[in-house]
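Here is how the chains run, residue by residue.
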Amino acid sequence: MLTALDKKLLVEVADIHDIPQGAYNIRKNGEGIIRNNSANIEIISKKDKPGIDILIKPGTKNESVHIPVIISEEGLNDIVYNTFKIGTNSDVLIVAGCGIHNGGSEKTQHDGVHEFFVGKGAHMRYIEKHYGEGKGDGERVLNPKTIIHVEEDGVVELEMDQIKGVDYTIRDTYIKLYRNARLIVNEKLLTYLDQSAESKIVVELLGEDASAQIISRSVAKDDSKQVFYLSLKGHSKCRGHIQCDSIIMDRAKVSAIPEIVAHHSGAQLIHEAAIGKIASDQITKLMTLGLSGEEAEETILQGFLG
Amino acid sequence: MLELINIDVELEGDNGWDKVLNDINLSLERNKIYVMTGPNGGGKSSIAKTIMGIHKPSRGKILIDGIDITDMSISERARRGIGYAFQTPARFKGLKVKDLLNLAAGEREIDHCEILYNVGLCAQDYLDREINSTFSGGELKRIEIASLLARQIKVALFDEPEAGIDLWSFQRLTETFINLHQKSDTTLVIISHQERILRLADVVIMVENGRISEITNKDKILEEISQLDTGCEHRDNCGKGVMEYADCIR
Ligand SMILES: Nc1ncnc2c1ncn2[C@@H]1O[C@H](COP(=O)(O)OP(=O)(O)OP(=O)(O)O)[C@@H](O)[C@H]1O
Ligand SMILES: [Mg+2]
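A. A look at the overall build of chain B. A count of helical and extended segments in chain B gives nine helices and ten strands. Relative to the compact-globule value of 18 Å for 250 residues, chain B shows a C-alpha radius of gyration of 20 Å, a close match. Overall, the C-alpha framework of chain B stretches about 60 × 45 × 40 Å when taken along its three principal axes. By the burial criterion, 47% of the 250 residues in chain B qualify as buried. For chain B, the proportion of contacts with a sequence separation of at least 24, taken over those separated by at least 6, is 66%. For chain B, the accessible surface area stands at approximately 13100 Å², while carbon and sulfur atoms represent 45% of it. Averaging the locations of the 31 positively and 40 negatively charged side chains of chain B gives two centres separated by 3 Å.

This is the structure in structure tokens:
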């Protein structure tokens, strides 16, 4: 059922080399094709619209769910709605991500809407990778929308990567943190040619002692464009920190638009944003170790995007 | 052997072009330790950077084992065995100590622990750390030195390696230089203001005002240091307490 091409896409977006352990649902060209439930994790198709409900029982520990989406058809416009219920005190890894192979000239698009309800004391690590390939000149478009509700004492780690081949993306992330909930976001973005990427992350720190840390690193090459709109809103005694760091090259354009809003005198919010070219002392140092200028540049960018 | 013949270097500063090196002539032999010293701003780092290819001379030639490398890039010189540990090392967001050492080593197999031990660092604590702004000045200096030790090198240039390194590790560092000297026939050039480093020197090179003012041996320099007047003879007559301006009575 999975072609060699599909398997390659799965490796890129979900690091899946074989059928994954635990629960999974693989969606290909707009349809779920393989699914597996585990004792604690149930995946059910939605009745009213495309997508799935992922139900994780309270207390589930050290389990993972893989829900990659792969698209190899040109001209497809796939929209999917996924809802995650993460039971109280559970500890899970969720690997999503979308890989598009567009070999044709028509636009291929995937818009994933993900909503997460993270229960009290639960810990969720969510990894989302976006990847595009294919020789055709058809655009590869990904517009994910992510909504996360984190209940008391919940911890959410988000890793969002877009390293290759996506022509156009608008990423919209909205997170609500209740009492003592903690959020860590690591975003990585690379754009080149005339790609365009926009990332909007809005975090509402609602409950007392909620905390959020957003680290966004990006590299913009060639004629590509990036816009970051990162916002922290503190509604109680809370802490938040945004670090937005971009390396700009060639004729690229990057905007970093910070917003920190405090509705409470106990809110402690910091925004740091920096845009600049690769530091020349770094390039020189690597050249003194025998790397060529290009190798040095590549090494620095790779390290930066980790 | 590394030779600098009639080297001039001009650099563009805030007030236009500035001649920072003036007619530098040096022959540096294998298996010898050279310590370069002299006043701040004298041109020591500039000489090292010119050997490494970071500064391009406006006049003169640089030869290594008789081969003219004057027009070679930094990378080419590195591949020919020249290495430079910077006075102010770069920091890298995202590059780990392990990565830097591996890049330095190239194809060669290296013993990371041994190398870090030689600069007084514990491998377990440092190998996986990013060389970013969380590194202290002294730690950064040590990693920089380690990045030269990881390489097979003909000419090693260390620019004030002891700066920022604590007293306890200083001993280790000098031992590391002695070891390197005994185990290989590397030409060691150490830029330093430290007496204990000066004691390692086969040859001492004094650099002042963009020129080599003296090439001598350590005994002479150490003798001079011991006789140096350490302060100003009028210090006792200087004003004291809170003052709006300072006026020298000399
Ligand atoms: N990029 C540059 N452009 C212009 N002038 C420079 C540049 N780099 C160094 N200089 C000048 O060249 C002179 C020599 O500098 P250099 O760094 O070689 O001195 P140094 O002997 O290493 O001093 P220190 O002991 O303080 O390290 C100084 O006057 C310095 O201001
Ligand atoms: Mg110097």
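Structure shown, so let's carry the discussion forward.
B. Fine view of the overall build of chain A. Scanning chain A from N- to C-terminus turns up three helices and 21 strands. For 306 residues, the compact-globule formula gives about 19 Å, and the C-alpha radius of gyration of chain A, at 20 Å, lands near that figure. Expressed along its principal axes, the backbone C-alpha trace of chain A runs to roughly 55 × 55 × 35 Å. When the 306 residues of chain A are sorted by exposure, 54% land in the buried category. Across chain A, contacts joining residues at least 24 apart in sequence account for 80% of those joining residues at least 6 apart.

C. Examining the sheet that holds strand 1 (residues 2-13) of chain B more closely. Residue and element names in this part refer to chain B. Overall, antiparallel pairing links the four strands, which are arranged 2-1-4-5 in an open sheet. Looking at which strands have only one partner, the edges of the open sheet turn out to be strand 2 (16-28) and strand 5 (67-68). Sheet analysis places strand 1 next to strand 2, joined by nine bridges and oriented antiparallel. Across the sheet, residue Leu2 finds its bridge partner in strand 2, namely Leu28.

D. Region of interest: the interface of chain B and chain A. If you look at the interface, chain B gives 22 residues, while chain A gives 18 residues. Taking both partners together, chain B and chain A bury about 1600 Å²; carbon and sulfur atoms supply 63% of that area. A per-residue breakdown of the area chain B buries against chain A is headed by B:Phe92, B:Lys93 and B:Leu103, which together make up 32% of the total. In this structure, the connection of chain B to chain A is made through two salt bridges. Summed over the shared surface of chain B and chain A, the number is seven residue pairs in polar contact (both at pLDDT 80 or more). Broken down by secondary-structure element, the contributors of at least two residues to the side of chain B that touches chain A are helix 2 (74-79), strand 6 (82-85), helix 3 (97-105) and helix 6 (137-149) of chain B. With four residues, the top contributor of residues to the side of chain B that touches chain A is helix 2 of chain B. Partitioning the side of chain B that touches chain A into residue classes produces 13 nonpolar, three polar and six charged.

E. Fine view of the packing of aromatic side chains. A complete count under the given rule lists six aromatic pairs over all chains for this structure. Taking 6.1 Å as the distance between ring centres and 55 degrees as the angle between the ring planes, the aromatic pair formed by B:Tyr126 and B:Phe135 counts as tilted. In this pair, the class of B:Tyr126 matches that of B:Phe135, namely buried. For the ring pair B:Phe158 and B:Phe177, a centre distance of 4.8 Å and an interplane angle of 70 degrees mean the geometry is edge-to-face. Of this pair, B:Phe158 sits in strand 7 (residues 155-159) while B:Phe177 sits in helix 7 (residues 167-183), placing them 19 residues apart in sequence. Residue B:Phe158 shares its accessibility class with B:Phe177, and that shared class is buried. What links up through ring pairs into an aromatic cluster is the set A:Phe84, A:Phe116 and A:Tyr126. Residue placement shows B:Arg129 over the ring face of B:Phe135; its charged tip is 4.3 Å from the ring centre. Residue placement shows B:Arg172 over the ring face of B:Tyr117; its charged tip is 4.3 Å from the ring centre.

F. Expanded view of the coordination of the magnesium ion (ligand 2). Residue and element names in this part refer to chain B. At this site the magnesium ion (ligand 2) is bound by Ser45 (OG) and Gln87 (OE1), with donor distances of 2.0 to 2.2 Å. Remark: Gln87 occurs in the loop between strand 6 and helix 3 and Ser45 occurs in helix 1 (residues 44-52); sequence separation between them is 42 residues. With a relative accessible area of 18%, Ser45 lands in the buried category. Exposure remark for Gln87: the relative accessible area of 34% places this residue in the partly exposed category.

G. A look at the site of ligand 1. Residue and element names in this part refer to chain B. Around ligand 1, 15 residues are found, and the nearest of them are Gly41, Gly43, Lys44, Ser45 and Ser46. Gly42 has a polar backbone atom sitting 3.2 Å from an oxygen atom of ligand 1. At a separation of 2.9 Å, an oxygen atom of ligand 1 approaches a polar side-chain atom of Gln87. Burial of ligand 1 by the surrounding chains reaches 66%, relative to a free accessible area of 640 Å². Residue composition of the shell around ligand 1, grouped by class: three nonpolar, nine polar and three charged.

H. Looking closely at the side chain of A:His130. Here A:His130 shows up in strand 10 (residues 123-133). Discounting chain neighbours no more than four positions away, the residues touching A:His130 are A:Gly97, A:Cys98, A:Leu142, A:Pro144, A:Asp161, A:Gln162, A:Ile163, A:Lys164, A:Val166 and A:Arg171.

I. Region of interest: the side chain of B:Thr50. Residue and element names in this part refer to chain B. Of note, Thr50 is situated in helix 1. Residue class for Thr50 comes out buried when judged on its relative accessible area of 0%. Not counting residues within four places of it along the chain, the set of residues in contact with Thr50 comprises Ile7, Val9, Leu21, His55, Pro57, Ile62 and Arg77.

J. Quick look at the nonpolar core. All names here are of chain B. The biggest cluster of nonpolar side chains holds 91 residues, and the ones touching the most others in it are Leu116 and Phe158. Considering each element in turn, this core owes the most residues, six residues, to helix 6. In this view, Leu116 contacts Val97, Leu101, Leu121, Ala123, Tyr126, Leu127, Ile143 and Ala146; residues no more than four positions away in its chain are not counted.

K. The arrangement of the sheet that holds strand 8 (residues 187-191) of chain B in detail. Residue and element names in this part refer to chain B. As summarised here, the arrangement of the six strands in space is 6-7-8-3-9-10, forming an open sheet in which the pairing is mixed. On the outer flanks of this sheet lie strand 6 and strand 10 (211-216), each paired with one strand and no other. For this sheet, the mean inter-axis angle between neighbouring strands, taken without regard to orientation, is 20 degrees. The pairing of strand 9 (residues 203-208) with strand 10 spans five bridges and is antiparallel. By the bridge assignment for strand 10, Val207 is matched with Ile212. Where helix 7 meets the sheet, it contacts strand 3 (33-37), strand 7 and strand 8, and its direction lies at approximately 160 degrees from that of strand 8.

Conventions used here
- Residues numbered from 1 in each chain as written.
- Chains lettered and ligands numbered in written order.
- Predicted model: local features only at pLDDT ≥ 70, side-chain atom pairs only at ≥ 80, totals over all residues.
- Heavy atoms only, no water.
- Helix = DSSP H or I, 4+ residues; strand = E, 2+ residues; numbered from the N terminus.
- Rg over C-alpha atoms; globule rule 2.2 N^0.38 Å.
- Buried < 20%, exposed > 50% of the residue type's maximum accessible area, 1.4 Å probe, protein only.
- Contact = heavy atoms within 4.5 Å.
- Areas by Shrake-Rupley, 256 points an atom, 1.4 Å probe, with all protein chains shown as cover.
- Lys, Arg positive; Asp, Glu negative; His and termini not counted.
- Charge placed at Lys NZ, Arg CZ, Asp CG, Glu CD.
- Pairing = 2+ DSSP bridges.
- Buried area = accessible area lost by both parts, 1.4 Å probe.
- Salt bridge = Lys/Arg side-chain N within 4 Å of Asp/Glu carboxyl O.
- Polar contact = N/O pair within 3.5 Å; in protein donor to acceptor, adjacent residues only side chain to side chain.
- Nonpolar A, V, L, I, M, F, W, Y, C, P; charged D, E, K, R; others polar.
- Phe/Tyr/Trp six-rings, centres within 6.5 Å; stacked < 30°, edge-to-face > 60°.
- Lys NZ or Arg CZ within 6 Å of the ring centre and 35° of its normal.
- Donors = N, O, S within 2.8 Å, 3.2 Å for Na, K, Ca; no water.
- Near = heavy atom within 4 Å.
- Core = buried A, V, L, I, M, F, W, Y, C linked by side-chain atoms within 4.5 Å.
- Axes fitted to C-alpha atoms, helices over the stretch in contact; angles between N-to-C directions.

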